[in-house]
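The chain contents come next:
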Amino acid sequence: MSKTYIYLDNAATTRISDRVFNAMQPYLRESYGNPGGIYSLGREAARALRDSRLMCAKALSCEQGEIYFTSGGSESDNWAILSAAESMREQGKNRIVTTPFEHKAVLNTVKALEKRGFETVYLPVYENGVVRAEDAERVIDGKTALVTIMYVNNEIGTIQPVREIGEICGKKGVLFHTDAVQAAPHMVIDTEKDGIDYLSVSGHKLHGPKGVGLLYCRKGAPLVPFVNGGTQEHGLRAGTENLASIVGLAEAMAETKENAEIENKTVLPLTKKITEALDKTKGARFNGDRTKRIPSILNYSFEGIESESLVLQLDLKGIACAGGSACTSGDVLPSHVLMSLGMSEELARGGLRISLGRYNTEAEINIFIRELTGILEKLRRLRD
Ligand SMILES: *Cc1c(COP(=O)(O)O)cnc(C)c1O
């Protein structure tokens, strides 16, 4: 990739930080032992695994025994939801409360459970993309097995009232899972105070490696075996540990926690610059909530313009941004997130997600704004 590439898709994935990269390297070629080995190379690996678990536990204010390493956010979501559902069904509970704008890893797991006799209640997310805790309180009943609501939405960046929902779930004795994949890179999370039973984190969304993540499972919350085999991950998920990546994930979580506030502060003026420019742009519409959001994810729709063409035109200028819509066999589908806010299909097809990260600079943002407004003008001229 050319040096001038401007990367504004940090909600899709992020670059590994230098600190993470350096921490991982020894575990690929020098300390490559199996943590199960009783000789020194194995013990060294086991020590790194323990240290990593401790670092992750510290970052989430929980205990080491509550951290389970996985292959990423999707697996953590699957494991938590399936565990809660399977265990609660034995008590005659078969209802799951969620939202229509969860990540597909949650939505499709819930759909799979519907085929096995579970019922789903979808809470409204309103026009601003924020769930209301009182709605959760209203729908939870004696049949409810699990509430699963994301911490921060990955397309529009809105923050959900997790602590209030956690409190309600605690009072009503209902299990609570939150997909915190987009929250972990930007917020300090306290699993205890938030009343969370299960929480999913992914390495590659916080400047760590891909293919690794973790599931926090509160001590006492049900967790079913996920991969049968050896005794790894407290005997519930077998397979020789992905040690270098686990070390990288732990380092990324520590680095993120140390720098979260500073980073948000440096990103804030950059996103402000973008919103100021786009709010003045004809036909541009801000999606989400102006205040209940993390600063790094912005989403705009542009009347009469599909995000797909914007993404491709920006790419020609060396800028990476995401269209809100998924592309399935050539068809551009409207974003399920934007549709859930009650937007028209046309606008939901036009959502452009701009997600910033710690490596973005003011100079890059200036170029981005100039190029995007230029492209919009050109597209409008072609259309009119
Ligand atoms: C990226 C993402 C996931 C999936 O994480 P992977 O590690 O890529 O499996 C899940 N939930 C949200 C909100 C995400 O943004």
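Please read these numbers as outputs of a predicted model, since none were measured by experiment.

Novice: If you had to explain unusual backbone geometry to someone new, which residues and values would you point to?
Specialist: Backbone geometry places Tyr126, a non-glycine residue, at a positive phi of 60 degrees. Tracing the chain through its elements places Tyr126 in the loop between β4 (119-122) and α6 (133-139). Residue Tyr126 is classed as partly exposed on the basis of its relative accessible area of 27%. A positive phi angle, near 65 degrees, is found at His207, a position not held by glycine. Its place among the elements puts His207 in the loop between β7 (198-202) and β8 (213-217).

Novice: Tell me what's going on with the pattern of salt bridges, and back it up with residues and numbers.
Specialist: Here the structure, examined in full by the defined rule, presents 18 salt bridges. For Glu251, the salt bridge is made with Arg19, and the minimal N-O distance between the two is 2.8 Å. Residue Glu251 is found in helix α9 (residues 243-279), and its partner Arg19 is found in helix α1 (residues 18-24); the two are separated by 232 residues along the sequence. The class of Arg19 is partly exposed, set by a relative accessible area of 28%. The shortest N-O distance in the salt bridge between Arg53 and Glu233 comes to 2.8 Å. Of this pair, Arg53 sits in helix α3 (residues 40-59) while Glu233 is found in helix α8 (residues 232-235), placing the two residues 180 residues apart along the sequence. By relative accessible area, Arg53 is classed as buried at 10%. Here the residues in one salt-bridge network are Arg19, Glu251 and Glu258, joined through shared partners.

Novice: Tell me about the packing of α3 against α9, residues and numbers included.
Specialist: Between α3 and α9, the shortest axis-to-axis distance is 9 Å and the interhelical angle comes to 30 degrees. One element, α3, and the other, α9, form an angle in the roughly parallel class. Considering only the axes of α3 and α9, their crossing is left-handed. Across from Ala45, Ala48, Leu49, Ser52, Met55, Cys56, Lys58 and Ala59 in α3, the residues of α9 making contact are Leu243, Ile246, Val247, Leu249, Ala250, Glu251, Met253, Ala254 and Lys257. Along the lines of polarity and charge, the residues of the contact of α3 with α9 split into 13 nonpolar, one polar and three charged.

Novice: Break down the domain arrangement of the protein chain for me, with residues and values.
Specialist: With domains assigned, the protein chain is organised as domain 1 (6-14 + 260-383) and domain 2 (18-256). Put simply, the middle of domain 1 and the middle of domain 2, counted by C-alpha atoms, are 28 Å apart. The interface of domain 1 with domain 2 comprises 27 residues on the first partner and 31 residues on the second. Roughly 2600 Å² of surface becomes buried between domain 1 and domain 2 when both sides are summed, with 49% attributable to carbon and sulfur atoms. For the domain 1 face of the interface with domain 2, the top three residues by lost area are Thr14, His336 and Arg358, together amounting to 21%. Linking domain 1 to domain 2 there are one salt bridge. The partner of Arg358 in a salt bridge is Glu255, with the nearest N and O atoms 3.4 Å apart. At the junction of domain 1 with domain 2, the criterion picks out 16 residue pairs in polar contact (both at pLDDT 80 or more). At the level of elements, α9, β10 (297-302) and α11 (336-340) are the ones that each hand at least two residues to the side of domain 1 that touches domain 2.

Calculation rules
Residues numbered from 1 in each chain as written. Predicted model: local features only at pLDDT ≥ 70, side-chain atom pairs only at ≥ 80, totals over all residues. Heavy atoms only, no water. Helix = DSSP H or I, 4+ residues; strand = E, 2+ residues; numbered from the N terminus. Buried < 20%, exposed > 50% of the residue type's maximum accessible area, 1.4 Å probe, protein only. Salt bridge = Lys/Arg side-chain N within 4 Å of Asp/Glu carboxyl O. Axes fitted to C-alpha atoms, helices over the stretch in contact; angles between N-to-C directions. Parallel < 35°, antiparallel > 145°, perpendicular 65-115°, else oblique. Left-handed = near helix turned anticlockwise from the far one by under 90°. Contact = heavy atoms within 4.5 Å. Nonpolar A, V, L, I, M, F, W, Y, C, P; charged D, E, K, R; others polar. Domains from an automatic or database assignment. Buried area = accessible area lost by both parts, 1.4 Å probe. Polar contact = N/O pair within 3.5 Å; in protein donor to acceptor, adjacent residues only side chain to side chain.

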